[in-house]
Amino acid sequence: MKNMTFVKIVCMSAIICLFTSMSGLLSTVDAADSFGDPFDGNKLQNPNWEWQNEPPNWDVGETVDGRLYIDCEPNRNLWAGDASHFLYQETEADTFDVETHFRAKWDTTSGVNGLLVKSPEDDNWVTIKFWGRDAGAKGHIQYQRKEAGLGPQDIQWRFGDWGDIEMSMRLKKEGDTYTAWYKAEGDDDWMDIGEGTFALTPPLWLGVYAGVAAGDGNLEVEYEYFTDNMNPFNVEPGGKATTTWGAVKTRY
């Protein structure tokens, strides 16, 4: 009887160890398969990130707690050519749904930042971005491909202070169809800014970017998180396992 009890204890211990090991492995696999990153701690949490034109001054959690901070260089535009500071993950996914929340502080006639999916082979891309401009224009929300629009006309930013805004952006891909949304600080609902169809040859680069498009001036961007709505990265911002967004409004 004692021997049988001992055998049961050993078997149970082995099962617990195996379950723990598998749980750890599954967490690692989930993290590797997700595009998400909560930008917590003092480093990038997702192991799949790469830089295009890595900025000389950036950090996670040091300048601003819980945020990816980018101090942009001049002549880092995204339009005819892509010279932006672009933090990306390579993927061949046919579908994705990602979002981010950021604060942008600018003192330049032209600064850009937002969500970007790019095909290096095509030298083309799809973006939803904020274009920080002068005090008169303040800025625009733009939904674009290279040197052209994608969907409705630009939305002029008419609320918030010049030189300092905070907002959220979301981009969804279903095959060659893209849908984009934005949400002003304090809003509960996403504002739908249109759907567009545009083919990009994989592998694709997906992520966030920023840059002073003009030859001089300053742009500092703080990204709070990069959320994968289809496959959340372990624990998303605020300690939630998944991200819940408000109802979607249609822009007319």
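**Student:** Hey, could you go over the overall build of the protein chain for me, with residue numbers and the actual values?
**Tutor:** Scanning the protein chain from N- to C-terminus turns up one helix and 16 strands. Of all 252 residues assigned to the protein chain, the portion counted as buried reaches 48%. Of the contacts formed within the protein chain by residues at least 6 apart in sequence, a portion of 65% connects residues at least 24 apart. Accessible surface for the protein chain amounts to roughly 12,300 Å². Of this, 50% is attributable to carbon and sulfur atoms.

**Student:** Account for the packing of aromatic side chains, naming residues and giving values.
**Tutor:** Applying the stated criterion to the full structure yields ten aromatic pairs. Here a set of aromatic residues connected by ring pairs shows up, and it is made of Trp106, Phe130, Trp157 and Trp162. Directly above the aromatic system of Trp131 lies the positively charged group of Arg133, at a separation of 4.4 Å from the ring centroid.

**Student:** Explain the pattern of salt bridges residue by residue, including any values.
**Tutor:** According to the stated counting rule, one finds eleven salt bridges in the structure shown. Ionic pairing is found between Glu166 and Arg67, a salt bridge with its closest N-O pair at 2.9 Å. With Glu166 in strand β11 (residues 164-174) and Arg67 in the loop between β2 (57-60) and β3 (68-71), this residue pair connects regions lying 99 residues apart in the sequence. Look at Arg67 and you get buried, because its relative accessible area is 12%. One salt-bridge network, in which partners are shared between bridges, spans Arg67, Lys105, Glu166, Glu222 and Glu224.

**Student:** Could you give an account of the nonpolar core, naming the residues involved and the relevant values?
**Tutor:** Counting 46 residues, the largest nonpolar core has Ile141 and Tyr178 as its most contacted members. Counting residues in each nonpolar core, the second largest holds eight residues, with Phe86, Tyr88, Trp125 and Tyr209 among its members.

**Student:** Describe the environment of Gly175, listing the residues and the values that go with them.
**Tutor:** Following the sequence through the fold, Gly175 ends up in the loop between β11 and β12 (177-184). Distance in space between the C-alpha atoms of Gly175 and Thr95 is 6.1 Å, their sequence separation being 80 residues. Sequence-distant contacts of Gly175, defined by excluding residues within four places in its chain, comprise Asp94 and Thr95.

**Student:** Explain the pairing of strand β13 (residues 190-197) to me, using residue names and the numbers behind them.
**Tutor:** Note that β12 and β13 share five bridges and pair antiparallel. Within β13, the position partnered with Tyr182 by the bridge is Met191. Counting the residues between successive antiparallel strands, the hairpin from β12 to β13 contains five residues, one of them, Gly186, with a positive phi of roughly 90°.

**Student:** Mind laying out the side chain of Thr91, listing which residues take part and the relevant values?
**Tutor:** Residue position: Thr91 is located in strand β4 (residues 85-91). Residue Thr91 is classed as buried on the basis of its relative accessible area, which comes to 11%. Residues in contact with Thr91, not counting those within four places in the same chain, are Phe35, Pro203, Leu204 and Leu206.

**Student:** Mind laying out unusual backbone geometry, listing which residues take part and the relevant values?
**Tutor:** Of the consecutive residues Pro202 and Pro203, the connecting peptide bond is found in the cis state with omega at 0°. Tracing the backbone shows Pro203 in the loop between β13 and β14 (204-212). Positive phi is not limited to glycine here, since Phe39 has a value of about 55°. Counting through the fold element by element, Phe39 comes out in the loop between α1 (2-33) and β1 (50-52). The exposure class of Phe39 is buried, given its relative accessible area of 0%.

Reading the values: rules and limits
- Residues numbered from 1 in each chain as written.
- Predicted model: local features only at pLDDT ≥ 70, side-chain atom pairs only at ≥ 80, totals over all residues.
- Heavy atoms only, no water.
- Helix = DSSP H or I, 4+ residues; strand = E, 2+ residues; numbered from the N terminus.
- Buried < 20%, exposed > 50% of the residue type's maximum accessible area, 1.4 Å probe, protein only.
- Contact = heavy atoms within 4.5 Å.
- Areas by Shrake-Rupley, 256 points an atom, 1.4 Å probe, with all protein chains shown as cover.
- Phe/Tyr/Trp six-rings, centres within 6.5 Å; stacked < 30°, edge-to-face > 60°.
- Lys NZ or Arg CZ within 6 Å of the ring centre and 35° of its normal.
- Salt bridge = Lys/Arg side-chain N within 4 Å of Asp/Glu carboxyl O.
- Core = buried A, V, L, I, M, F, W, Y, C linked by side-chain atoms within 4.5 Å.
- Pairing = 2+ DSSP bridges.

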